[in-house]
Amino acid sequence: MSVLNTITRLWRFHGGLHVPEHKAESNSAAIEALPLPAQLVLPLQQHIGAAARACVRVGERVHKGDALARADGYISAALHAPTSGTVVAIEPRPVAHPSGIPVLSVVLESDGRDEWGPNSLPTPIEDYLRLDPAYLRERVREAGIVGLGGAAFPTAVKLNAEGAIRVLVLNAAECEPYITCDDRLMRERAHAVIGGLLLMRRALGVKDCIIGIEDNKPEAAAALQAALEQFADDAEDVLLQQIPTLYPSGSEQQLIRVLTGVEIGRSRRPVDSGILCQNVATAAAVHDAVTEGRPLISRVVTVTGSGISTPRNLEVLIGTPLSALIEYCGGYTPRAARLIIGGPMMGLALPGDDLPITKGMNCVLVAGADDVSAPEESMPCIRCGECMNACPANLLPQQMYWHARAREFDKAQQVNLFDCIECGCCAAVCPSHLPLVQYYRFAKTEIWAAEREKKKAEQARARHEFHLYRLEREEAEKAARLQAKKSAAQQRGHEAETPAADPKQAAIAAALARAQAKKAAAKAEATAGESSNELSPEQLEKLAAARARAEAKRLAATQTAGEAANDATAALSPEQLEKLAAARARAEAKKAASAPAQANADAAPALSPEQLEKLAAARARAEAKKAASAPAQANADAAPALSPEQLEKLAAARARAEAKKAASAPAQANADAAPALTPEQLEKLAAARARAEAKKAASAPAQANADAAPALSPEQIEKLTAARVRTEAKKAAQEALAAATAAVAALDADAQEEAPTASPAAEATPAPLTEEQLARLAAARARAEAKKAAQSGKPASSDQEQ
Amino acid sequence: MLSAVFALTLLALTFGLLLGFASVQFRVEGDPLADRLDAVLPQTQCGQCGFPGCRPYAEAMARGEADFNRCPPGGQAGIEALAAVLGVEPKPLDPENGVEQAAMIAIVDENVCIGCTLCLQACPVDAILGSAKHMHTVISQECTGCGLCVAPCPVDCITLQPVPATLATWKWPSPLISANAQQEPARAAA
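Residues numbered from 1 in each chain as written. Chains lettered and ligands numbered in written order. Predicted model: local features only at pLDDT ≥ 70, side-chain atom pairs only at ≥ 80, totals over all residues.

Visitor: Sorry if this is basic, but what is going on with the overall build of chain B here?
Guide: When its secondary structure is counted, chain B shows six helices and four strands. Start at the N end of chain B and walk to the C end: the helices and strands fall as α-α-α-α-β-α-β-β-β-α. Scored against the burial criterion, the 190 residues of chain B give a buried share of 24%. Restricting the contact set of chain B to residue pairs at least 6 apart, pairs at least 24 apart contribute 57%. (Helix = DSSP H or I, 4+ residues; strand = E, 2+ residues; numbered from the N terminus. Buried ≥ 20, exposed ≤ 12 C-beta atoms within 10 Å, placed from the backbone. Contact = placed C-beta atoms within 7 Å.)

What follows is the structure in structure tokens.
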């Protein structure tokens, strides 16, 4: 059932006023086109929303209908040349605004020919009621149409509410006194008005339309009725409804209330209730834009008031100066006192007539001294409550006044200041002539400004906090860089002092190298197996680095495990441990840098020196911390995807595995080859492992001594060297232990089971290596190990020489 | 007698436990007073109050170590808001900290700028854009008008200018003020 059938009676809104109409002065004469003015001023901001963006340049010649500015953003409207001519300036010009702030405007000097360009107009559409709604909306947007009832809200935006609308209301009420431009338009161009209504109905996909017209315009109503009959079937479900004349029934919310009984709630829009309101002049403009392709370049303006010689309605190009309109209407009469844009109730008094007509202006009212109440000196409020009775929005104007006056804006907001439609009824009935609406406008703009300031303060606070964070971070980065530099310098110092190799040391080194080469060859397959094809280069890189470190450590541990107990000196002091960790970090960084061949074997691109340095520094810190503090903390910064329990288990399992490995066989723990882990996780894992190893190192001080030689006494070093020599003898036996690799692998598998996020596929498929690769791998590893051994030997020997 | 003592003791214990529980369970983290004061401050981070930013000033006020009338950018309205948060009577702005003035923004004279980056470092909200030996400019939407960039500039190319009013930011004047302004000349004429 149509909504229209449910409308059986008219409703009434609260309050309202019967004000003297003064319509007769201007509604008898037909609309006349104003002669072409010499210069037009077109402000880029004539509508609600973002200002349009000029798309012409100074000096450019434009045809009538050419675009001067394009919509800039969603809620914005284009601007077109109202006549042909030359753009002489794009500069700020004063507009009809209470602030008097100049607005960027396009100044167009007409050439008098008023000719349309060859490309100015899109194709006219005859059968316009069958158009695609989306195309229709596009057409309306292109034409720069805004609400011509006064608010100047971009019409295309309103038409985008497709699907959310049940009823389209055409506002033909024109309730404000003096104004007759819509009345004349309906009388003369009723067909265009109805055509536009049907177009908008199609754009919105709505069936039901109601035209609300005040009963003081019988001629216009009759013209509309005739036009509706012309459209016949197309105009089905359009209801022409005459409503009683009562100010402000032309206000959107009040008109909807009268026609449908729907009360638009507090702080809500009519769209929320499925109702959309459009003005009759807007409808006619939409019709013209679609059927003729004509953009919005002119509008009907009422020029009236007792201060005008011959009041009438004029078809005026947008941008025409007000003075041209007044001149055409015979100029001012001696009674002229105030120039007002809009009606006497809601209009805006202007300081002068040197301002351009914009899209939203429907009336130029030149009031005589006795027409409108002069700004009499207002008296104190006597709390009579008349304003409350007159308010059509059901507000408490007196309360709002008190709060606005006292600058208690939060309280004014609490009494629904923002539901005020500024109709002026309260001020009109006020016996004390209080400028109530001005107080409300003042309060509204103050609240908006406070909100803007608050928003800006929030923004500034966020930016300042980020600023502080940034400084902190930069400080930390600087410190890290310094540290890295320092450690690099120390390392260079180590390199510089290369004493002649002790024959004993050389022999040890050579033996170590041989052993490593053998071991590497035996282990090549297992190593290859670890590097899964699914790993990314970054992951491989990290993996390789981690593996290199692990291997080095394991080697040392293996060498010393047997003798560790015998050689163990007393527990090292924290300082020693720290030094030890730092030294190790440096050594490893160097190793990683000087053994690119090994990195290649693991299919990883060589790390840059900076990366290595950073890595070493980070590692050194981590280890130092670790050695000094409790091992349980190792888990704290591990991968976020794992639960603390899982991590703990993982760490424990790994520690066990490594302990076993150190004691028995040089098998590679495969747990860290999990391809499912992200680089961050891998990094953390590596760090965690490093810490675990540091702990291990601390418990095997003999091995530690080897790396931290400068800090140790010559006796210790001697012992250590002896231990290493003895270890060489056991090499063969150790190699036999390689068979235990399987057992370690099983252990690793356990560890992975305990950590469900790690992929089980990690060590499944050992990729077979070619002979050549194996050889290269073995050689590379031998070189690396030899170098390391030499390094660890160097400081020791230097100490011994002393 | 005994029963009364017993009952009162029981009540005391019960409520004591209840309060103890509440103080643990519903404990408020942080310093809400400093937060509320910070929310009222204009966040210009200008340091005219003698503290390095709005937050430290708010914290000092919360501790009772600083007076609440030391924020010129907030002006009298800001002082009143602070007084309301602190629950004290408002007082006038301390002239030692500066004078209340309209909102400003910094403007870099781009012809004079030598690209020294000193102003970049001074800006508390990172609102100046530029790099060494390249021209700098102020992101006007982000500038708080604190003026901290003016002093470091070696060529004095930064000036503070009032924020230009636009149609969007313009405010209606109070009718009260305009009425008074109209009345005064009338009285003078009389």
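Visitor: Help me understand the overall build of chain A, please; the structure alone is not making it clear to me.
Guide: When helices and strands are tallied, chain A shows 26 helices and 17 strands. By the burial criterion, 49% of the 802 residues in chain A qualify as buried.

Visitor: So what exactly am I meant to see when it comes to the UniProt feature "binding site: [4Fe-4S] cluster 1" (unreviewed entry) in chain A here?
Guide: Residues and elements named next belong to chain A. Residues annotated in UniProt with the feature "binding site: [4Fe-4S] cluster 1" (unreviewed entry) correspond here to Cys-381, Cys-384, Cys-387 and Cys-430. The annotated residues occupy 50 residues of the chain but converge on a single region, no pair of C-alpha atoms lying more than 10.8 Å apart. Residue position: Cys-387 is located in helix 10 (residues 386–390). In this structure Cys-387 touches Pro-397, Gln-398, Cys-426, Val-429, Cys-430 and Leu-436, once residues within four positions along its chain are discounted. Relative to the helices and strands, Cys-430 is located in the loop between helix 13 (425–429) and helix 14 (436–496). (UniProt positions renumbered as here; feature names shortened; annotations may be inferred.)

Visitor: So what exactly am I meant to see when it comes to the pairing of strand 13 (residues 298–304) of chain A here?
Guide: Along any regular strand, the residues point their side chains to alternate faces of the sheet. Residues and elements named next belong to chain A. With seven of seven residues buried, strand 13 lies mostly within the body of the structure. The side-chain alternation of strand 13 yields two buried faces, one formed by Ser-298, Val-300, Thr-302 and Thr-304 and the other by Arg-299, Val-301 and Val-303. Sheet topology note: the strand 13/strand 14 (residues 312–317) ladder contains six bridges and is antiparallel. Across the sheet, residue Val-301 finds its bridge partner in strand 14, namely Leu-314. (Pairing = 2+ DSSP bridges.)

Visitor: Just to check I follow, could you spell out the UniProt feature "binding site: [4Fe-4S] cluster 2" (unreviewed entry) in chain A for this structure?
Guide: All names here are of chain A. Cross-referencing UniProt, the feature "binding site: [4Fe-4S] cluster 2" (unreviewed entry) maps to Cys-391, Cys-420, Cys-423 and Cys-426 in the present numbering. Over a stretch of 36 residues, the named residues converge on one spot in the fold, their C-alpha atoms separated by at most 10.6 Å. Here Cys-391 is to be found in the loop between helix 10 and helix 11 (397–405). Classification of Cys-391 by C-beta neighbours within 10 Å gives buried; the count is 25. Contact partners of Cys-391, with chain neighbours within four places excluded, come to His-14, Gly-15, Pro-397, Cys-425 and Cys-426. Non-local contacts of Cys-420, meaning those with residues more than four positions away in its chain, are made with Ala-393, Leu-395, Met-400 and Tyr-440.

Visitor: Help me understand the sheet that holds strand 13 of chain A, please; the structure alone is not making it clear to me.
Guide: The strands making up a sheet are joined through hydrogen bonds of the backbone, oriented either antiparallel or parallel. An order of 1-14-13-17-15-16 (chain A) is seen for the six strands of this open sheet, with the pairing classed as mixed. Strand pairing shows two members of the sheet lacking a second neighbour, strand 1 (32–33) and strand 16 (348–350) of chain A, which therefore form its edges.

Visitor: Just to check I follow, could you spell out the UniProt feature "binding site: [4Fe-4S] cluster 1" (unreviewed entry) in chain B for this structure?
Guide: Residue and element names in this part refer to chain B. As annotated by UniProt and renumbered to match this structure, "binding site: [4Fe-4S] cluster 1" (unreviewed entry) occupies Cys-46, Cys-49, Cys-54 and Cys-71. Maximum C-alpha separation among the annotated residues is 9.2 Å over a sequence range of 26 residues, consistent with a single clustered spot. Tracing the backbone shows Cys-46 in the loop between helix 2 (32–40) and helix 3 (54–63). If sequence neighbours within four positions are ignored, Cys-46 has contacts with Pro-73, Cys-146, Gly-147 and Leu-148.

Visitor: Hey, could you run me through the interface of chain B and chain A in this one?
Guide: Reports often express the size of an interface as the amount of accessible area lost when the parts come together. Across the boundary between the two partners, chain B contributes 23 residues, which contact 24 residues of chain A. Across the side of chain B that touches chain A, the residue classes tally to 11 nonpolar, nine polar and three charged. (Nonpolar A, V, L, I, M, F, W, Y, C, P; charged D, E, K, R; others polar.)

Visitor: Could you clarify how one ought to interpret the confidence of the model for chain A in this entry?
Guide: Note that predicted coordinates carrying low pLDDT should not be read in detail. Residue and element names in this part refer to chain A. Per-residue confidence for chain A gives a mean pLDDT of 75; residues scoring 70 or more make up 62%. The model gives residues 595–607 a pLDDT under 50, and that stretch makes 34 contacts with residues more than four places away or in other chains. Across residues 735–768, confidence stays below pLDDT 50; counting only partners more than four residues off in sequence or on other chains, it has 69 contacts. (pLDDT = per-residue confidence, 0-100.)

Visitor: Looking at this model, I keep getting lost on the packing of helix 4 (residues 181–188) of chain A against helix 8 (residues 280–291) of chain A. Mind explaining?
Guide: Any two packed helices are characterised by how steeply their axes cross, that is the angle between the axes, and by the distance between the axes. All names here are of chain A. The interhelical angle for the contact between helix 4 and helix 8, taken along N-to-C directions, is 45°, at an axis separation of 9 Å. Considering the angle they form, helix 4 stands oblique to helix 8. Here the hand of the crossing between helix 4 and helix 8 comes out left-handed. Listed contacts from helix 8 to Cys-181, Asp-182, Leu-185 and Met-186 of helix 4 are Val-280, Ala-281 and Ala-284. (Axes fitted to C-alpha atoms, helices over the stretch in contact; angles between N-to-C directions. Parallel < 35°, antiparallel > 145°, perpendicular 65-115°, else oblique. Left-handed = near helix turned anticlockwise from the far one by under 90°.)

Visitor: I'm lost on the pairing of strand 15 (residues 336–341) of chain A in this one. Help?
Guide: Residue and element names in this part refer to chain A. Inspection of the sheet shows strand 15 paired to strand 17 (residues 363–368) by five bridges, in the antiparallel sense. Each bridged residue has a counterpart across the sheet, and for Ile-340 the counterpart in strand 17 is Leu-365. Where strand 15 and strand 16 come together, three bridges link them in antiparallel fashion. Bridged to Leu-339 within strand 16 is Leu-350.

Visitor: Whenever I open this one, the sheet that holds strand 6 (residues 79–80) of chain A confuses me. Can you help?
Guide: Residue and element names in this part refer to chain A. If you trace the three strands from one edge of the open sheet to the other, you get 3-5-6, paired in antiparallel fashion. The outermost strands of the open sheet, each flanked by one partner alone, are strand 3 (53–54) and strand 6. With two bridges connecting them, strand 3 and strand 5 (residues 67–70) associate as antiparallel partners. Directly across from Arg-53, in strand 5, lies its bridge partner Arg-70.

Visitor: Mind showing me how you'd approach the UniProt feature "binding site: [4Fe-4S] cluster 2" (unreviewed entry) in chain B here?
Guide: Residue and element names in this part refer to chain B. Mapped onto the present numbering, the UniProt feature "binding site: [4Fe-4S] cluster 2" (unreviewed entry) falls at Cys-113, Cys-116, Cys-119 and Cys-153. Spanning 41 residues, the annotated positions come together in the fold, the maximum distance between their C-alpha atoms being 10.5 Å. Structurally, Cys-113 is set in the loop between strand 1 (104–108) and helix 5 (118–122). When residues no more than four places from it in sequence are discounted, the contact partners of Cys-113 are Val-108, Met-135, His-136 and Cys-157. Residue placement: Cys-153 occurs in the loop between strand 3 (137–138) and strand 4 (158–162). Cys-153 gets classed as buried once you count the C-beta atoms within 10 Å, which come to 21. Residues within four places of Cys-153 in sequence aside, it is in contact with Leu-118, Cys-119 and Ile-158.

Visitor: Explain the environment of Glu408(A) here, please?
Guide: All names here are of chain A. Structurally, Glu-408 can be placed in the loop between helix 11 and helix 12 (409–414). Its 13 C-beta neighbours within 10 Å are what place Glu-408 among the partly exposed residues. Sequence separation between Glu-408 and Ala-443 is 35 residues; the distance between their C-alpha atoms is 8.8 Å.

Visitor: Is there a simple way to think about the nonpolar core in this case?
Guide: In summary, soluble globular proteins display a tendency toward joint burial of nonpolar side chains. Ranked by size, the top nonpolar core spans 137 residues in total, and within it Leu168(A), Val169(A), Val193(A), Leu224(A), Val301(A), Leu325(A) and Leu436(A) carry the most contacts. Top contributing element to this core by residue count: helix 5 (residues 190–204) of chain A, with 10 residues. Each of two domains, domain 1 (3–366) and domain 2 (384–496) of chain A, supplies a minimum of three residues to this core. Core analysis: the second largest hydrophobic core is formed by 17 residues, Ala457(A), Cys46(B), Val108(B) and Ile158(B) among them. (Core = buried A, V, L, I, M, F, W, Y, C linked by C-beta atoms within 7 Å. Domains from an automatic or database assignment.)

Visitor: Would you mind showing me how to read helix 3 of chain B here?
Guide: Each α-helix turn comprises 3.6 residues. Residues three or four places apart therefore point the same way. Residues and elements named next belong to chain B. When helix 3 is considered as a whole, its buried residues turn out to be Cys-54, Arg-55, Tyr-57, Ala-58 and Met-61. Buried residues of helix 3, viewed axially, fall in a sector of 160°; they line one side. Turning to helix 3, the residues buried within the fold contact helix 2. Remark: Gly-64 follows helix 3 within two positions and exhibits a positive phi of approximately 80°. (Arc of directions from axis to C-beta.)

Visitor: I would appreciate a short explanation of the packing of helix 4 of chain A against helix 6 (residues 218–231) of chain A in the present structure.
Guide: Residues and elements named next belong to chain A. The geometry of helix 4 relative to helix 6 is characterised by a closest axis approach of 8 Å and an angle of 35° between their N-to-C directions. In this structure, helix 4 crosses over helix 6, and the sense of that crossing is left-handed. Along the contact surface, helix 4 presents Asp-183, Met-186 and Arg-187, while helix 6 presents Glu-219, Ala-220, Ala-223 and Leu-224. For the contact of helix 4 with helix 6, a count of residues per class yields four nonpolar, no polar and three charged.

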